[in-house]
Amino acid sequence: MAHQYSSREWLSPNSNEEDMGLLLAPRLAYFAAVARHEHVTRAAHELGVPQSTLSRAVVRLEEDLGVALFARKGRTVSLTPAGRTFLASAERALAEVERAADAVRADADPSAGRVAFGFLHTMGSETVPELIRAFRVDHPKVRFTLVQNYGEAMIERLRSGELDLCLTSPVPDAPDLVARRLDEQRLRLVVPDDHRLAARKRVRLAEAADETFVTLEPGYGLRRITDALCTEAGFTPRVAFEGEEAETLRGLVAAGLGVALLPPPAVPRPGVVELTVTAPRAAREIGVAWLDGHPDTPPVAAFKRFLLSRRGRLLNEPG
């Protein structure tokens, strides 16, 4: 029986334009199957649903759209011009959903899934590559999306769902996060090799009170630690340059533009001397954080267990 639609019947009475995507989505596969077979019974058999269910779904789809998608002759149907136009977009939409489903299934695969892992810039040259190398001994096919950033930016990416885990410092304390301390990293006072303190091996931070400092920008965890240590030593640092990366700061120190409190370098840097700070105790905690209540895929859970197993031996510090 043919269905008639007036030009005023654009939507069914209980629908609205804002909900159109929700209304159409469950019916697209039914529509595409009927269009492919041009036969309701064969389409119902392919989908494994009763023929009556399929027929009602297609009729309701036409009612919601306000157009006839099929011309009917018994159980045999053929697409109208509007139906052909709609089919092209419906097939693209279904293909995109299938690609998305394949992607999330692949990411959750226990043996070859994906981990989105964030870490501090200072962890990128040796610590993180070594961690991933060690983890992949037992999980050789697990894939990683790696993000280097400062602590606050990574925490926001955790909250937005872009990251599964992150290595950061200081270890965050927030009600929506779970954080575990993994290791501690000593900080050094880095001075030019012709500096008045360069012949020393150890120094009290108060001895640098009159120096010009180069530091990371506000918002970086290491900047907050630097400011706090200087306050504990009895002074406020005079900051001449602010940067985004520790090795850039070392270059500024080598150029004689200031001193800096930094973690040890991956390899020695010419032009600077690294001094042990004896007072106050200069160190930063490194920890792993994740979003509380966020379900882990199997590869994320495996990497989380691996990181927690490295407590106290996360860092491979040079001497």
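Placed above this text is the structure.
Criteria and cut-off values
- Residues numbered from 1 in each chain as written.
- Predicted model: local features only at pLDDT ≥ 70, side-chain atom pairs only at ≥ 80, totals over all residues.
- Heavy atoms only, no water.
- Helix = DSSP H or I, 4+ residues; strand = E, 2+ residues; numbered from the N terminus.
- Rg over C-alpha atoms; globule rule 2.2 N^0.38 Å.
- Buried < 20%, exposed > 50% of the residue type's maximum accessible area, 1.4 Å probe, protein only.
- Contact = heavy atoms within 4.5 Å.
- Areas by Shrake-Rupley, 256 points an atom, 1.4 Å probe, with all protein chains shown as cover.
- Lys, Arg positive; Asp, Glu negative; His and termini not counted.
- Charge placed at Lys NZ, Arg CZ, Asp CG, Glu CD.
- Pairing = 2+ DSSP bridges.
- Axes fitted to C-alpha atoms, helices over the stretch in contact; angles between N-to-C directions.
- Parallel < 35°, antiparallel > 145°, perpendicular 65-115°, else oblique.
- Left-handed = near helix turned anticlockwise from the far one by under 90°.
- Nonpolar A, V, L, I, M, F, W, Y, C, P; charged D, E, K, R; others polar.
- Core = buried A, V, L, I, M, F, W, Y, C linked by side-chain atoms within 4.5 Å.

A. Inspection of the overall build of the protein chain at higher detail. For the protein chain, the helix and strand inventory stands at 10 helices and 13 strands. Computed over its C-alpha atoms, the radius of gyration of the protein chain comes to 31 Å, more than 25% above the 20 Å expected for a compact globule of 319 residues. Counting only C-alpha atoms and orienting by the principal axes, one finds that the protein chain spans roughly 95 × 45 × 35 Å. Of all 319 residues assigned to the protein chain, the portion counted as buried reaches 44%. Restricting to contacts in the protein chain with at least 6 residues of sequence separation, those with at least 24 account for 74%. Total accessible area on the protein chain stands at roughly 16,600 Å², and carbon and sulfur atoms take up 52% of it. Within the protein chain, one finds 41 positive and 43 negative side-chain charges whose respective centroids are separated by 5 Å.

B. Focus on the pairing of strand S2 (residues 76-79). Here S2 shows one buried face, formed by Val-77 and Leu-79, and one open face, formed by Thr-76 and Ser-78. As judged from the four bridges shared by strand S1 (residues 70-73) and S2, these two strands associate in the antiparallel manner. Looking at the pairing, Lys-73 lines up with Thr-76 of S2.

C. Looking closely at unusual backbone geometry. Omega for the peptide link from Ser-169 to Pro-170 comes to -5°, which places this bond in the cis form. Residue position: Pro-170 is located in the loop between strand S5 (165-168) and strand S6 (177-186). At the junction of Ala-279 and Pro-280, the peptide bond is cis and its omega measures out at -10° in the coordinates. For Pro-280, the position within the fold is in the loop between strand S12 (272-279) and strand S13 (283-291). Phi at Glu-38 is positive, roughly 50°, even though this residue is not glycine. Considering the arrangement of structural elements, one finds Glu-38 in the loop between helix H2 (28-37) and helix H3 (40-47).

D. Geometry of the sheet that holds strand S4 (residues 143-148). One open sheet holds the five strands; their spatial order is S4-S3-S5-S13-S6, and the pairing between them is mixed. Each having just a single partner strand, S4 and S6 make up the two edges of the open sheet. Shown here is a sheet whose adjacent strand axes are inclined to one another by a mean of 20°, direction ignored. Of the strands in this sheet, strand S3 (114-119), S4 and S5 touch helix H6 (residues 127-135), which is tilted by about 165° from S4.

E. Region of the structure containing the packing of H2 against H3. Close contact between H2 and H3 brings their axes to 8 Å; oriented N to C, the two are set at 130°. What the angle tells us is that H2 and H3 run oblique. Judged by the twist between their axes, the crossing of H2 over H3 is right-handed. Where H2 approaches H3, its residues Ala-29, Tyr-30, Ala-33, Val-34, Arg-36 and His-37 are matched on the opposing element by Arg-42, Ala-43, Glu-46 and Leu-47.

F. Highlighting the sheet that holds strand S8 (residues 202-204). Reading across the sheet, the four strands line up as S8-S12-S7-S11 and stay open at both edges, with mixed pairing between neighbours. Of all the strands in the sheet, the pair left with one neighbour each is S8 and strand S11 (260-262). In this sheet, neighbouring strand axes are inclined to one another by 45° on average, regardless of whether the strands run parallel or antiparallel. Two strands pair when backbone bridges link them, and S8 and S12 are joined in this way by three bridges, in the parallel orientation.

G. Up close: the packing of H6 against helix H10 (residues 298-309). One can describe the packing of H6 onto H10 by two numbers: an axis separation of 11 Å at closest approach and a directional angle of 115°. Classified by the angle between their axes, H6 and H10 sit roughly perpendicular to one another. Note on packing geometry: the crossing formed by H6 with H10 is right-handed. Where H6 approaches H10, its residues Leu-131, Ala-134 and Phe-135 are matched on the opposing element by Pro-299, Ala-302, Phe-303, Phe-306 and Leu-307. When the residues that make up the contact of H6 with H10 are grouped by side-chain class, the tally is eight nonpolar, no polar and no charged.

H. Looking closely at the environment of Lys-73. Here Lys-73 is to be found in strand S1. Put simply, Lys-73 and Ser-89 are 16 residues apart on the chain and 25 Å apart in space, counted from C-alpha to C-alpha.

I. Region of interest: the nonpolar core. Counting 38 residues, the largest nonpolar core has Phe-117, Phe-144, Leu-165, Leu-167, Phe-303 and Leu-307 as its most contacted members. Of all the secondary structure elements, the ones that give two or more residues to this core are S3, H6, S4, helix H7 (151-159), S5, S6, S13 and H10. If we skip the residues at most four places from it in the chain, Phe-303 touches Val-115, Phe-117, Phe-135, Phe-144 and Leu-165. Judged by nonpolar contacts, the second largest core, of 30 residues, contains Val-203, Val-272, Leu-275 and Ala-282.

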